[in-house]
Amino acid sequence: MAAPGRVAAFRLPPLPTIGEIIKLFRLKAQRQLSQNFLLDLRLTDKIVKQAGELKNAHVCEVGPGPGGITRSILSAGVEQLLLIEKDARFIPGLQMLSEAAPGKVRIVHGDILTYKMEKAFPKHLKKDWEDEPPDIHIIGNLPFSVSTPLIIKWLENVSKKNGPFSYGRTQMTLTFQKEVGERLTANPGGNQRSRLSIMAQHLCSVENCFIIPGQAFVPKPEVDVAVVHFTPLVQPKIQQPFELVEKLVRSVFQFRRKYCFRGLETLFPESGRLKRTEQLMMTANVDPTLRPFQLSMSQFRNLCNTYRKMCDEDPSLFRFDYREELKQKKKTRNLLESTSQPEQTEEEDQL
């Protein structure tokens, strides 16, 4: 019996092991969906621990699969657990867990990339952005195929304070391929410094918590797995619209091993390209001979702020698409070649 004034810890009743659940429902990881099961509950407990204090919290688990992490989340004493699972094969096993924790689990059969997270949690949990993070957490062992597009989508949500971040600075604890985890946390000058590093770190405090060896998963992936924790910052390090930051950062890293000057050139139309690129770099006080991965966050901030001023002066700049320009040039060249070909043929006929 629990001591007076103390709430008894929640305990799941005896259940089949995750391995038995997989056998019972004949679940098989699908390689085309990059599915990998984590059967060791000590590791799932360790992942959940990285999320912080979950007692009486509201949690959304992304892609619970056979329910290993789900059990660890429930054992942490959460108030409510929302499970979003795209693969219908896992639903019966998750319903078994739901029945073992009456009133605590809600299962949604759907795609996290399209699910409307604005309505996922009770309104009373909302907090102002400047306050401490709300008692809401997102946790997930993400399939490799969806992890990068999903985190980019959520970073955009952080920037716009919508989706799961309409409740405040919702924290996330997610798994990625080890290399992606290293990119997310890479410092300037590091080999893994990339577009993902800038987009994540300018909006969030990002911590690479620990590495799970590949052999811990079934089937064993070819890479190890990183557990990464995100806490949105009160103030982003670059205070410009997400689309503008993303466009500039993507352009810079387009030619990763060349001078950053080369990537920044692609922000401008061919007419006046050199002059405008020089203007951008001089105003932002950035050395044009630095490589993209050597640029600091403050240098990216200066570049974004300067580029924003240039776009305000000439709104057509932000709409400019370098790839589209290349396509048009190629199309024009092909057209010229095709129209000149009959003349050559006619000339040959006359000869």
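In what follows, the structure referred to is the one given above.
Given the structure is predicted, the values throughout are model-derived calculations rather than measurements. Just so you know, the residues in each chain are numbered from 1, in the order the chain's sequence is written. Per-residue local features of the predicted model are confined to residues with pLDDT of at least 70, and side-chain atom pairs are confined, for both listing and counting, to 80 or more; whole-chain, interface and lining totals are unaffected and use all residues. For the side-chain quantities, the full set of heavy atoms in the structure was used; hydrogens and water were omitted.

Caption draft 1: Spatial organisation of the sheet that holds strand β6 (residues 171-177). Strands pair, by our definition, only if DSSP identifies at least two bridges between them. Only DSSP runs of H or I covering at least 4 residues are called helices, and only runs of E covering at least 2 are called strands; the numbering of each starts at the N terminus. With mixed pairing, the 7 strands of this open sheet are ordered in space as β4-β3-β2-β5-β6-β9-β7. The two strands at the open ends of the sheet, each matched to only one other strand, are β4 (105-109) and β7 (204-212). Neighbouring strand axes in the sheet, compared pairwise and without regard to direction, differ in orientation by 20° on average. Where strand β5 (residues 136-140) and β6 come together, 4 bridges link them in parallel fashion. The partner of H137 across the bridge, within β6, is Q171. Against the sheet, helix α4 (residues 91-100) engages β3 (80-85) and β4, with an angle of about 165° to β4. All axes here are fitted lines through C-alpha atoms, helices being fitted over the stretch that makes contact, and every angle between N-to-C directions spans 0 to 180 degrees. Working rule for contacts: check all heavy atoms of both residues, and any pair within 4.5 Å makes them a contact.

Caption draft 2: Expanded view of the pattern of salt bridges. Just to be clear on terms, a salt bridge is a Lys or Arg side-chain nitrogen sitting within 4 Å of an Asp or Glu carboxyl oxygen. Taken as a whole and judged by the stated rule, the model has 13 salt bridges. Residue K160 is joined to E243 by a salt bridge in which the shortest nitrogen-to-oxygen separation is 2.5 Å. With K160 in helix α5 (residues 144-160) and E243 in helix α8 (residues 242-252), this pair connects stretches of sequence that are 83 residues apart. Residue classification places K160 among the partly exposed residues on the basis of a relative accessible area of 40%. Note on exposure labels: buried denotes an accessible area under 20% of the residue type's maximum, exposed denotes more than 50%, and partly exposed covers the range between, all computed with a 1.4 Å probe on protein chains only. Classification of E243 by relative accessible area gives partly exposed; the value is 35%. Of the charged contacts in the structure, one is a salt bridge between E246 and R250, with a shortest N-O distance of 2.4 Å. Of this pair, E246 and R250 both sit in helix α8, separated by 4 residues, roughly a single helical turn. Relative accessible area serves as the criterion here: at 12%, E246 is assigned to the buried category. Counted as one network, the salt bridges with shared partners bring together E156, K160 and E243.

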